[in-house]
Amino acid sequence: DPEGSAALEGALDKVDAESSFMGSSVKIFLLRLSPVVPYAVSNYLCGLGGVPFGPFVAGTAVGTVPWVLLNVYLGSTGHELLMTG
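Residue indices begin from 1 for each chain and proceed along its sequence in written order. Residues qualify for local features only when their pLDDT is at least 70, as the model is predicted, and side-chain atom pairs are given and counted only at 80 or more; totals for whole chains, interfaces and linings, by contrast, use all residues. As a rule here, side-chain values come from all non-hydrogen atoms in the structure, and water together with hydrogens is ignored.

Attention shifts here to the confidence of the model for the protein chain. Looking at the protein chain, the pLDDT average stands at 86 and 87% of residues meet or exceed 70. For every residue, the predictor states its confidence as a pLDDT score lying anywhere from 0 to 100. Here a helix means four or more residues in a row that DSSP labels H or I, a strand means two or more in a row labelled E, and each is numbered from the N terminus. For the protein chain, helix 1 (residues 2-13) is the element with the lowest average pLDDT, namely 70, and helix 4 (residues 53-84) is the one with the highest, namely 96.

In structure tokens:
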């Protein structure tokens, strides 16, 4: 999707090495919450955009928690439905 990747590239251009740790972490966190952007694409663009490693790791760690919790809940619910009928 050329429009989506152009928008993502524009957003990541704003995340530069001069940003504060917290500001960069929040931007990566919000990027990780997006169900539209694949991790591989965002990883590549963050690397090209010069996002510092610390904020990248922090934003990724916190940003993946909601998806992990959702997957655990869905898996648990599915298992329960299969076992109880």
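In this section: the side chain of arginine 32. In this fold, arginine 32 is placed in helix 2 (residues 21-33). Using a relative accessible area of 2% as the deciding quantity, one classes arginine 32 as buried. By definition, residues are in contact when any of their heavy atoms lie within 4.5 Å. Excluding anything up to four places from it in sequence, arginine 32 contacts Tyr39, Ser42, Asn43, Phe56, Gly59, Thr60, Gly63 and Trp67. Burial here depends on accessible area, computed with a 1.4 Å probe over protein chains only, as a share of the maximum for the residue type. Under 20% is buried, over 50% is exposed, and the range in between is partly exposed.

Locating leucine 48 in the fold gives a position in helix 3 (residues 39-49). Residue leucine 48 is classed as exposed on the basis of its relative accessible area, which comes to 59%. When the C-alpha positions of leucine 48 and glutamate 9 are compared, they lie 9.8 Å apart, and in sequence the two are 39 residues distant.

Moving on to the environment of leucine 33. For leucine 33, the location among the structural elements is in helix 2. Assessed through its relative accessible area of 28%, leucine 33 is described here as partly exposed. Along the backbone, leucine 33 and valine 65 are 32 residues apart, and their C-alpha atoms lie at a distance of 9.2 Å. When residues no more than four places from it in sequence are discounted, the contact partners of leucine 33 are Gly63, Pro66 and Trp67.

Now for the packing of helix 2 against helix 3. In contact at an axis separation of 10 Å, helix 2 and helix 3 are set at 155 degrees when each is read in the N-to-C sense. Classified by the interaxial angle, the pair formed by helix 2 and helix 3 is roughly antiparallel. Helix-helix and strand crossings are classified by hand; for helix 2 and helix 3 the assignment is right-handed. Touching Ile28, Leu31 and Arg32 of helix 2 are Tyr39, Ser42, Asn43 and Cys46, all from helix 3. Any residue outside Ala, Val, Leu, Ile, Met, Phe, Trp, Tyr, Cys, Pro, Asp, Glu, Lys and Arg is labelled polar, Gly included; the first ten of those are nonpolar and the last four are charged. Residues that form the contact of helix 2 with helix 3 fall into these classes: 4 nonpolar, 2 polar and 1 charged. Lines fitted to C-alpha atoms define the axes, with helix axes restricted to the stretch in contact, and inter-axis angles between N-to-C directions lie between 0 and 180 degrees. Orientation categories follow fixed angle ranges, with anything under 35 degrees roughly parallel, anything over 145 roughly antiparallel, 65 to 115 roughly perpendicular, and all other angles oblique. Crossing handedness: left-handed means the near helix sits turned counterclockwise from the far one by under a right angle, and right-handed means the same turn made clockwise.

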